[in-house]
Amino acid sequence: MATRPIIFGDIPNIPEGHWFEGRKEMMPTSFHRNWGAGIDGNGTTGTAAIVLSGGYEDDEDNGEEIIYTGAGGNDQNTGKQVEDQSWKNRGNAGLLKSLDEGLPVRVIRGYTHKSSYSPEKGYTYGGLYSVVDAWEEVGKSGFKICRFKLLYIGTSELKNTAEKVELKISNEATKRKAGSIVRIIRDTKIAHDIKKLYDFKCQVCQFAVPTKSGHYAEGAHIKPLGTPHNGHDSSDNLLCLCPNHHVMFDRGSFSIQEDLELIGEVSGRLFLHPSHKINNKNLKYHRESHGYH
């Protein structure tokens, strides 16, 4: 159990690219406080750092985009899953906390991590990342795993970022742009059409947020855009939601059955306009990725 204080963000005198001979060197400064665990954090405070060490077969490292497998249920000798993971695991709960509160995560790559970004020996500091998504899926070994998408938010220009691309979805381009945190710019025309269809009223609570010039609502994608979900920016993958229910839906606080019944932290039934068709495969994807089986 770590007793040193948890510290978020960069640590003084440890710049990006810093090399450590071993993990014990990271502990005195709180850079990474746990010698054995890959995740330094908990569900109360959040996660400040993770180590990529090749311990999980489902990890994906694309430099500035990491698809990270949560903690628990693996054979440390082979890296294979031998049982389901749980969101209640302190490390997984910590990453969810960092997702909700936008807390930066230090990423460290070890020599046993199979990636072109890893050192030949020891460990290197890969910089600060932001947790931008979390979902559940069945991994390569057939067990449920908790998955997290992290995007690089540092200042280095040495990496070839996957965010400087344009994805063609439906008939329009979904553009990506780098800022302090990389985000996807949604297809506003399709989303605006859906919002107009509902008079800017949330399909869950039927409330339209009043503004000085009218009303406000958000277009929420049922199956998220971008890797690894690859949802389409189309009307059958969009909902009109108020900001609160949009965040709750994206975080998996509730989901939607095929009969439009709401499950999870929200009860009732989704309001659906007669001319709005929803792809049930997208609803199923959302339920499964957030553990509603």
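## Details of the nonpolar core
Thinking step 1. Within the largest apolar cluster, 18 residues are counted, with the highest numbers of intra-cluster contacts made by I50, Y68, F148 and L150.
Thinking step 2. The set of elements that each furnish at least two residues to this core consists of β3 (46-52), β5 (65-69), α1 (90-101), β6 (104-110), β7 (123-138) and β8 (144-152).
Thinking step 3. Residue contributions to this core peak at 4 residues, all from β8.
Thinking step 4. Residues in contact with L150, not counting those within four places in the same chain, are I50, E64, E65, I66, Y68, V105, V107, Y129, S130 and V131.
Thinking step 5. Counting 16 residues, the second largest nonpolar core, distinct from the first, contains L239, C242, F249 and L283.

## Quick notes on the environment of N237
Thinking step 1. Take N237: it is sitting in the loop between β14 (218-221) and β15 (238-241).
Thinking step 2. For N237, a relative accessible area of 0% translates into the label buried.
Thinking step 3. As a C-alpha pair, N237 and N280 span 43 residues in sequence and 9.2 Å in three-dimensional space.
Thinking step 4. Aside from chain neighbours lying at most four places away, what touches N237 is A220, H221, I222, K223, G231, H232 and N282.
Thinking step 5. A polar atom in the side chain of N237 sits 2.8 Å from the backbone oxygen of H232.

## A closer look at α1
Thinking step 1. Over its 12 residues, α1 extends 16 Å from the first C-alpha to the last, a length consistent with the 16 Å expected when each residue adds 1.5 Å.
Thinking step 2. In this fold, the buried residues of α1 make contact with β2 (39-42), β3, β5, β6, β7 and β8.
Thinking step 3. The distance from a side-chain oxygen at the start of α1 to the backbone nitrogen of G91 is 2.8 Å, and the residue carrying that oxygen is N89.
Thinking step 4. Looking one or two residues past α1, G102 carries a phi angle of roughly 65 degrees, positive in sign.

## Some thoughts on unusual backbone geometry
Thinking step 1. The omega torsion across T227 and P228 is 0 degrees, close enough to zero to call that bond cis.
Thinking step 2. Position of P228 relative to the elements: it lies in the loop between β14 and β15.
Thinking step 3. Phi is positive for Q206, which is not a glycine, with a value near 65 degrees.
Thinking step 4. Secondary-structure assignment places Q206 in the loop between α2 (188-197) and β12 (209-210).
Thinking step 5. Located in the positive-phi region is N230, a residue other than glycine, with phi close to 60 degrees.
Thinking step 6. Topologically, N230 is positioned in the loop between β14 and β15.
Thinking step 7. The partly exposed category is assigned to N230, whose relative accessible area is 46%.

## Here we look at the environment of R23
Thinking step 1. As for its position among the elements, R23 is in the loop between β1 (19-20) and β2.
Thinking step 2. Beyond its immediate sequence surroundings of up to four residues, R23 is in contact with H32, N34, W35, G36, A37, G38, V51 and Y123.
Thinking step 3. From its side chain, R23 meets the backbone oxygen of W35 in a polar contact 3.2 Å long.
Thinking step 4. Within polar-contact distance, the side chain of R23 engages the backbone oxygen of A37 at 2.5 Å.

## Looking at the pairing of β6
Thinking step 1. Extensive coverage of β6 is indicated by the burial of 6 of its 7 residues.
Thinking step 2. As paired elements, β6 and β7 share 7 bridges and run antiparallel to each other. Looking at β7, one finds that P104 is bridged to S130.

## A short note on the packing of aromatic side chains
Thinking step 1. This structure, assessed with the given rule, holds 7 aromatic pairs.
Thinking step 2. Judged by centre distance (5.1 Å) and plane angle (40 degrees), the ring pair of F20 and F31 falls under tilted. Of the two residues, F20 sits in strand β1 while F31 sits in the loop between β1 and β2, which places them 11 residues apart along the sequence.
Thinking step 3. According to the relative accessible area criterion, F20 is buried, its value standing at 3%.
Thinking step 4. Judged by centre distance (6.0 Å) and plane angle (75 degrees), the rings of Y198 and F271 are edge-to-face.

Conventions we followed
Residues numbered from 1 in each chain as written. Predicted model: local features only at pLDDT ≥ 70, side-chain atom pairs only at ≥ 80, totals over all residues. Heavy atoms only, no water. Core = buried A, V, L, I, M, F, W, Y, C linked by side-chain atoms within 4.5 Å. Buried < 20%, exposed > 50% of the residue type's maximum accessible area, 1.4 Å probe, protein only. Helix = DSSP H or I, 4+ residues; strand = E, 2+ residues; numbered from the N terminus. Contact = heavy atoms within 4.5 Å. Polar contact = N/O pair within 3.5 Å; in protein donor to acceptor, adjacent residues only side chain to side chain. Expected span 1.5 Å × (residues − 1). Pairing = 2+ DSSP bridges. Phe/Tyr/Trp six-rings, centres within 6.5 Å; stacked < 30°, edge-to-face > 60°.

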